[in-house]
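One letter stands for each residue in the lines below.
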Amino acid sequence: MSKDRFILLNPGEVRPSRVPVPPVFAFKARTEDTEGRLSLLEVILARDIPRHVHHVADECIYVLDGVLEVEFDDRVEHVAAGGFVLLPHGVPHALRKGSTPPPRVIQISTPGGWECYLEDVFEAGPDATVTDGQFDPKKLNPIAAKHEITYEER
């Protein structure tokens, strides 16, 4: 019943995660909370996200604070606080810090599952995902594949 899925989070509260995740990722609505329709996170973009493609999920981002640099297809946009971007599935994109401090955003993925991918990334650990302090597409792709995400390996 839909009323059984009511969730109220007070400021600073988050939905539980399967594994510990850095505090820059705040899970607000998990995929199972929305019957698979979406996941919603509040994120501080502490690390740039390399160019990648979501093969199924659309990604919606609303910038709360700072500036988010979005590389979409073959152009770069700077999205300031109050701005919104829809990143449709199937189109290559990258997300970068466009300000100091880094941008804080609301990220909605539909259908859901983004938080499940992040849990898999953090469960794998930095040795399996990061090279020289940056996310490494070659290391991420084996984890991302099961979530229908592909990173460009340059």
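Structure first, text after, so check above.
Residues numbered from 1 in each chain as written. Predicted model: local features only at pLDDT ≥ 70, side-chain atom pairs only at ≥ 80, totals over all residues. Heavy atoms only, no water.

J.: Which residues make up the side chain of Gln107, and what are the values?
T.: Looking at the secondary structure, you find Gln107 in strand β9 (residues 104–110). Of the residues examined, Gln107 reaches a relative accessible area of 5% and is grouped as buried. A distance of 3.0 Å separates a polar atom in the side chain of Gln107 from a polar atom in the side chain of Trp114. Setting aside anything within four residues of it in sequence, one finds Gln107 in contact with Ser39, Leu40, Leu41, Val43, Glu59, Cys60, Ile61 and Trp114. (Helix = DSSP H or I, 4+ residues; strand = E, 2+ residues; numbered from the N terminus. Buried < 20%, exposed > 50% of the residue type's maximum accessible area, 1.4 Å probe, protein only. Polar contact = N/O pair within 3.5 Å; in protein donor to acceptor, adjacent residues only side chain to side chain. Contact = heavy atoms within 4.5 Å.)

J.: Summarise helix α2 (residues 137–144); cite the residues concerned and give the values.
T.: For α2, every residue scored as buried is listed here: Pro137, Leu140, Asn141, Ile143 and Ala144. Seen along its axis, α2 keeps its buried residues to an arc of 165°; they face one direction. Turned more than 90 degrees away from the buried face of α2 sit Lys138 and Pro142, all of them exposed. Of the residues that open α2, the one with a side-chain oxygen 2.9 Å from the backbone nitrogen of Lys138 is Asp136. (Arc of directions from axis to C-beta.)

J.: Which residues make up the nonpolar core, and what values do they have?
T.: As a rule of thumb, nonpolar side chains are buried together in soluble globular proteins. Counting residues in hydrophobic clusters, the biggest one holds 28 residues, and the most contacted among them are Leu68, Val70, Leu95, Tyr117 and Tyr151. Elements represented by at least two residues in this core include exactly β1 (25–29), β2 (39–44), β4 (58–65), β5 (67–72), β7 (84–87), α1 (114–124), α2 and β12 (149–151). If you tally residues by element for this core, the top one is α1, at 4 residues. (Core = buried A, V, L, I, M, F, W, Y, C linked by side-chain atoms within 4.5 Å.)

J.: Outline the sheet that holds β7, supporting the account with residue identities and numerical values.
T.: If you trace the 5 strands from one edge of the open sheet to the other, you get β1-β2-β9-β4-β7, paired in antiparallel fashion. Here the strands that pair on one side only, and so sit at the sheet edges, are β1 and β7. Strand-to-strand twist in this sheet, taken as the mean axis angle between neighbours without regard to direction, amounts to 20°. In terms of strand pairing, β4 meets β9 through 7 bridges, oriented antiparallel. When the bridges of β9 are listed, Glu59 appears paired with Ser109. (Pairing = 2+ DSSP bridges. Axes fitted to C-alpha atoms, helices over the stretch in contact; angles between N-to-C directions.)

J.: Just give me the short version of the side chain of Lys28, but keep the residues and values in it.
T.: With respect to the helices and strands, Lys28 occurs in strand β1. No salt bridge is formed by the buried Lys28; its nearest oppositely charged neighbour, Glu42, is found at 4.2 Å. Residues in contact with Lys28, not counting those within four places in the same chain, are Leu9, Glu13, Val14, Arg15, Leu40, Leu41 and Glu42. (Lys, Arg positive; Asp, Glu negative; His and termini not counted. Salt bridge = Lys/Arg side-chain N within 4 Å of Asp/Glu carboxyl O.)

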